[in-house]
Amino acid sequence: MGLVQYLLPLLCMGLVACGSPDDQKVTYEPIAIESGDECHVCGMIITRFPGPKGEAFIRHQTQALKFCSTRDLFTWLLQPETASQVEAVFVHDMARNDWDNPHALPMIDARSAWFVVGSKLKGAMGPTLASFSQRKDAETFGEQQGGRVVDFSAIDLVLLESLDQTSSHMHH
């Protein structure tokens, strides 16, 4: 028993020492969405559609996964097998982009962005989430286009499904 008590702490220290190389942390930067890029979720050509787009980087990959809308981005992000692999997520700052033709950049870190849910403006697949770097810009957009402001952590599959209900009620 004494040998196990002696070896166990050493084994634990070894595991800590051999952990992930945090000193070699990769920095991810948003990259431009090109005219032929296809959505990772639905396969549609991203630049053919209005509204904010998104992109994500997965651990150990240098290529960004690109999405035709923030809605498709979150649909993908909220899958159980996805969340643990995601290193970085970017969305358009719609205060600095034209809704009908968002430029490739600037994009912002989605985790610190503010989103307007339930606005009357549509994205690639219908209702989408308008993304903003500043809460005041999101609130102004919400006042003009309808919808409510939420942060990244408030977005879940139930909220995404509610987009369809909101939109179908608006047509009645």
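Basis of the calculations
- Residues numbered from 1 in each chain as written.
- Predicted model: local features only at pLDDT ≥ 70, side-chain atom pairs only at ≥ 80, totals over all residues.
- Heavy atoms only, no water.
- Phe/Tyr/Trp six-rings, centres within 6.5 Å; stacked < 30°, edge-to-face > 60°.
- Helix = DSSP H or I, 4+ residues; strand = E, 2+ residues; numbered from the N terminus.
- Buried < 20%, exposed > 50% of the residue type's maximum accessible area, 1.4 Å probe, protein only.
- Pairing = 2+ DSSP bridges.
- Axes fitted to C-alpha atoms, helices over the stretch in contact; angles between N-to-C directions.
- Contact = heavy atoms within 4.5 Å.
- Core = buried A, V, L, I, M, F, W, Y, C linked by side-chain atoms within 4.5 Å.
- Disulfide = S-S within 2.5 Å.

Novice: Got a minute to help me understand the packing of aromatic side chains in this structure?
Specialist: The description of two aromatic rings rests on the distance between their centres and on the angle between their planes. By the definition in use, this model includes seven aromatic pairs. Judged by centre distance (5.5 Å) and plane angle (50°), the ring pair of Phe74 and Phe152 falls under tilted. With Phe74 in helix α2 (residues 70-77) and Phe152 in the loop between β7 (148-151) and α5 (157-170), this pair connects stretches of sequence that are 78 residues apart. For Phe74, a relative accessible area of 1% corresponds to the buried category.

Novice: Teacher, can you tell me more about the sheet that holds strand β1 (residues 54-58) here?
Specialist: Strand pairing in a sheet takes place through backbone hydrogen bonds and is either antiparallel or parallel in direction. With antiparallel pairing, the four strands of this open sheet are ordered in space as β2-β1-β3-β4. Here the strands that pair on one side only, and so sit at the sheet edges, are β2 (65-67) and β4 (107-109). Taking each pair of neighbouring strands and ignoring which way they run, the sheet shows an average axis angle of 25°. The pairing of strand β3 (residues 86-92) with β4 spans three bridges and is antiparallel. Opposite Val91, over in β4, you have Ile108 as the bridge partner. Packing against the sheet, α2 makes contact with β1, β2 and β3, and its axis sits at approximately 165° to β3.

Novice: What is the right way to look at the nonpolar core in this model?
Specialist: Generally speaking, soluble globular proteins have nonpolar side chains that are buried together. Within the largest apolar cluster, 33 residues are counted, with the highest numbers of intra-cluster contacts made by Trp76, Phe115, Leu129 and Ile155. Every element with two or more residues in this core is listed here: β1, β2, α2, β3, β4, β5 (114-123) and α5. With five residues, the top contributor of residues to this core is β3. Sequence-distant contacts of Trp76, that is, excluding residues within four places in its chain, are made with His40, Val41, Ala56, Ile58, Leu65, Phe67, Thr82 and Val86. One finds Met94, Trp99, Ala130 and Ala138 within the second-largest nonpolar core, a separate group that totals seven residues.

Novice: Just to check I follow, could you spell out the state of the cysteines for this structure?
Specialist: By definition, a disulfide is the covalent link that joins the sulfur atoms of two cysteine residues. In the structure shown here, the tally under the stated rule is zero disulfides. Among the cysteines around Cys42, which has no disulfide bond, Cys68 carries the closest sulfur, lying 3.7 Å off. Accessibility expressed as a relative area gives 30% for Cys42, which makes it partly exposed. Judged by relative accessible area, which is 0%, Cys68 ranks as buried.

Novice: What's the story with the pairing of β3 in this structure? I'm lost.
Specialist: Working note: regular strand, side chains alternate between the two faces of the sheet. Along β3, six of the seven residues are buried, which leaves the element largely enclosed by surrounding structure. Of the pairings in the sheet, the one linking β1 to β3 comprises five bridges and is antiparallel in character. The partner of Ala56 across the bridge, within β3, is Val89.

Novice: Looking at this structure, how should I read the sheet that holds β7?
Specialist: An order of β6-β5-β7 is seen for the three strands of this open sheet, with the pairing classed as antiparallel. In the strand order of this sheet, the two ends are held by β6 (126-132) and β7, each with one partner. Going across the sheet, the axis of each strand differs from the next one's by a mean of 45°, ignoring polarity. Pairing geometry for β5 and β6, over six bridges, is antiparallel. Residue Phe115 lies in a different strand from β6, and its bridge partner there is Ser131. Set on the sheet, helix α4 (residues 135-145) makes contact with β5, β6 and β7; between it and β5 the angle comes to about 35°.

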